[in-house]
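# Notes for the structure review
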Amino acid sequence: MYYAAPIARLLEELERLPGVGPKSAQRIAYHILRSEAEGTARLAEALLEVKRVIHFCPRCFDFTEGDLCATCADPERDAATVCVVEEPRDVVAIERTGGYRGLYHVLGGVISPVDGVGPEQLRVRELLDHIAEGTVTEVVVATNTTVEGETTALYLARMLKPLGLKVTRIASGLPVGGDLEYADEVTLGRALEARREL
Amino acid sequence: MPAYPLRALVLRKTKLGEADIIVNLLAADGRIVRAVAKGMRKPTSRFAGRLEPGSVIDLMLNTGRTLEVVSDARSVELHAALRTDYERSCAASAVLDVLDKLAMEGQTEQRLFGLACATLDALEAPDTAAIRPIVTAFLVKAMAMHGYRPHLESCVSCACAASAVDRFSLEAGGVVCPQCGGAGHAAPRLSSAGRTALGALLASTMADVAASPLEARLSEECFALMRGFVAFHVPVRIKALEFYANGAGTPPRPDDGLR
């Protein structure tokens, strides 16, 4: 035993966190041990509070503190457009653009046959319930451009188009500031497909 | 250790850390190779689009401590049509998952790579009725390469004439006559037409299967049998094959869930 039991326990818990290996866990643990008691108490309280007060928004399934999330509760948002994303962190990424004014729906994953994840493990039914309210006219599918993300997009399109909804897919292409010569064929091909008139 | 080239088919991706990916590859010589592609989940990655499951690529790999490290990737055949159709995408996932579970690290089966490429090429064929027979043909051929070639010519136990056999023993790996094979889930019924169709799938090229698909009833009978055969002999669960077999290729009716 290299560590006192409480330190070993802390290291064990820290190593459970994503992206934290033994060395990072040790660095964080020693930082906590060296820092003031008030700072550590604030960290502990923040961890407890986030678990205590944060829950899923019953409408879009993003994380929220209140009954509805800020987006769903905002009457200024365009209720006719719903952007479907994989995870709550994707909502943050799209909100950062400042260019989208509609609502969201968080699926909670993507269809991944190799992992045994099908549509029934995702919040597809809840999306249908939202659409059934009658205000939605367009669904923007913003899943990742991986095989799983594309499969999920195809599934949603096949299900939603017969309902008379406009189903759109976010464009994929060159990253801003990227060099054309380093782009792969798929990305460049899609960029050419989705070209726009100037 | 210097970098070395490798032609391979991407079977599976697993997230690693913040932005890296571990890719399971079926090399052209039939080996399974696992490699790390660093920074592949970032939009600026140079080869993220090439390392998607189902793509055949030319890689440059460096030998790492436990896994190889991808230093460059060029696409050979991306099988892009498989990503534009839901049923084809699910069928391709099943094929790739079977390959991932059948091929073993450190063992080589050169024919698997050719079979995999031919299957994915055939799945891009425009006729959707051919998808099920192509997957079935892949299963029967892959199992044959794995050492489990179904015996269809005569009873696998007593070698009596083919006309007397009406069941397929999953355990024995061939058709059985009523005297040798008992009823039950380990010896499902196989019609005479189904037996002929299975033999034809085994003997045909993937392009031929795609060009003249089986009748739907026969196709389902052969697929169900081969799915059971694979499940009986491969000791791990092949989730994508189960997903495909359980009708995940069919989205719900448009009004499902709407009040």
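For the structure, check the block above.
Residues numbered from 1 in each chain as written. Chains lettered and ligands numbered in written order. Predicted model: local features only at pLDDT ≥ 70, side-chain atom pairs only at ≥ 80, totals over all residues. Heavy atoms only, no water.

### With respect to the pairing of strand E3 (residues 78-85) of chain A
Residues and elements named next belong to chain A. Pairing between E3 and strand E4 (residues 102-106): 5 bridges, direction parallel. Counted as the bridge partner of Val 82 is Leu 103 from E4. Considered for its hand, the β-α-β crossover made up of E3, helix H5 (residues 88-97) and E4 is right-handed. Alignment of E3 against strand E5 (residues 138-141), held across 4 bridges, turns out to be parallel. Residue pairing across strands places Thr 81 opposite Glu 138, the latter belonging to E5. (Pairing = 2+ DSSP bridges. Helix = DSSP H or I, 4+ residues; strand = E, 2+ residues; numbered from the N terminus. Right-handed = clockwise from strand over helix to strand, strands pointing away.)

### Examining a nonpolar patch on the surface
A cluster of nonpolar side chains, namely Val 50, Ile 54, Phe 56 and Phe 63 of chain A, defines an oily patch on the protein surface of about 350 Å² accessible area. Within the element layout of this structure, Val 50 of chain A appears in helix H3 (residues 37-53). (Patch = residues over 30% accessible without salt bridge, like charges linked within 9 Å, V, L, I, M, F, W, Y side chains within 5 Å. Areas by Shrake-Rupley, 256 points an atom, 1.4 Å probe, with all protein chains shown as cover. Salt bridge = Lys/Arg side-chain N within 4 Å of Asp/Glu carboxyl O.)

### Here's the deal with the pattern of salt bridges
Opposite charge on two side chains allows them to pair when their charged atoms are near. Per the stated rule, a full pass over the model turns up 20 salt bridges over all chains. Residue Arg 16 of chain A pairs with Glu 13 of chain A through a salt bridge whose shortest N-O separation is 3.3 Å. Note on Arg 16 of chain A: relative accessible area 57%, which makes it exposed. Between Arg 50 of chain B and Glu 185 of chain A there is a salt bridge whose closest N-O contact spans 2.8 Å. Of the two residues, Arg 50 of chain B sits in the loop between strand E3 (32-37) and strand E4 (56-62) while Glu 185 of chain A sits in helix H8 (residues 185-193), which places them in two different chains. Look at the salt bridges and you will find they share partners, linking Glu 12, Glu 13 and Arg 16 of chain A into a network. (Buried < 20%, exposed > 50% of the residue type's maximum accessible area, 1.4 Å probe, protein only.)

### Notes on the nonpolar core
Grouped together as the largest cluster of nonpolar side chains are 87 residues, with contacts concentrated most on Leu 160 of chain A together with Leu 9, Leu 99 and Leu 123 of chain B. In this structure, Ile 21, Val 33, Phe 47 and Val 70 of chain B belong to the second largest nonpolar core, which totals 18 residues. (Core = buried A, V, L, I, M, F, W, Y, C linked by side-chain atoms within 4.5 Å.)

### Observations regarding the side chain of Ser 169 of chain B
All names here are of chain B. Residue position: Ser 169 is located in strand E6 (residues 167-169). A polar side-chain atom of Ser 169 sits 2.9 Å from the main-chain amide nitrogen of Ala 172. Discounting chain neighbours no more than four positions away, the residues touching Ser 169 are Gly 174, Val 176, Ala 186 and Ala 187. (Polar contact = N/O pair within 3.5 Å; in protein donor to acceptor, adjacent residues only side chain to side chain. Contact = heavy atoms within 4.5 Å.)

### Some remarks on the interface of chain A and chain B
With 29 residues of chain A at the contact, the number on the chain B side is 34 residues. Contact between chain A and chain B buries roughly 2,900 Å² in total, counting both sides, with carbon and sulfur atoms accounting for 61%. For the pair chain A and chain B, the number of links is 3 salt bridges. Put simply, Glu 87 of chain B and Arg 158 of chain A hold a salt bridge, and the shortest N to O gap is 3.4 Å. Summed over the shared surface of chain A and chain B, the number is 7 residue pairs in polar contact (both at pLDDT 80 or more). At the level of secondary structure, the elements contributing two or more residues to the side of chain A that touches chain B comprise helix H6 (124-132), helix H7 (147-160) and H8 of chain A. No other element matches the 7 residues that H7 of chain A contributes to the side of chain A that touches chain B. Per-class residue counts for the side of chain A that touches chain B are 17 nonpolar, 4 polar and 8 charged. (Buried area = accessible area lost by both parts, 1.4 Å probe. Nonpolar A, V, L, I, M, F, W, Y, C, P; charged D, E, K, R; others polar.)

### Regarding the sheet that holds E4 of chain A
Residues and elements named next belong to chain A. Across the sheet, 4 strands lie side by side as E4-E3-E5-E6; this open sheet has parallel pairing. Looking at the sheet topology across the chains shown, the edges are occupied by E4 and strand E6 (166-169). This sheet shows a mean twist of 25° between the axes of neighbouring strands, independent of strand direction. Here H7 sits on the sheet in contact with E3, E5 and E6, set at roughly 170° to E6. (Axes fitted to C-alpha atoms, helices over the stretch in contact; angles between N-to-C directions.)

### Side note on the environment of Ser 172 of chain A
Residues and elements named next belong to chain A. The topology assignment puts Ser 172 in the loop between E6 and H8. Judged by its relative accessible area of 22%, Ser 172 is partly exposed. Along the sequence, Ser 172 and Pro 6 sit 166 residues apart, while their C-alpha atoms lie 49 Å from each other. Look past the residues within four positions of Ser 172 in its chain and what remains in contact with it is Thr 145, Arg 190 and Ala 191. Here Arg 190 takes part through its side chain, which lies 3.4 Å from a polar atom of the side chain of Ser 172.

Read these as layout, nothing more, since geometry by itself doesn't imply function.
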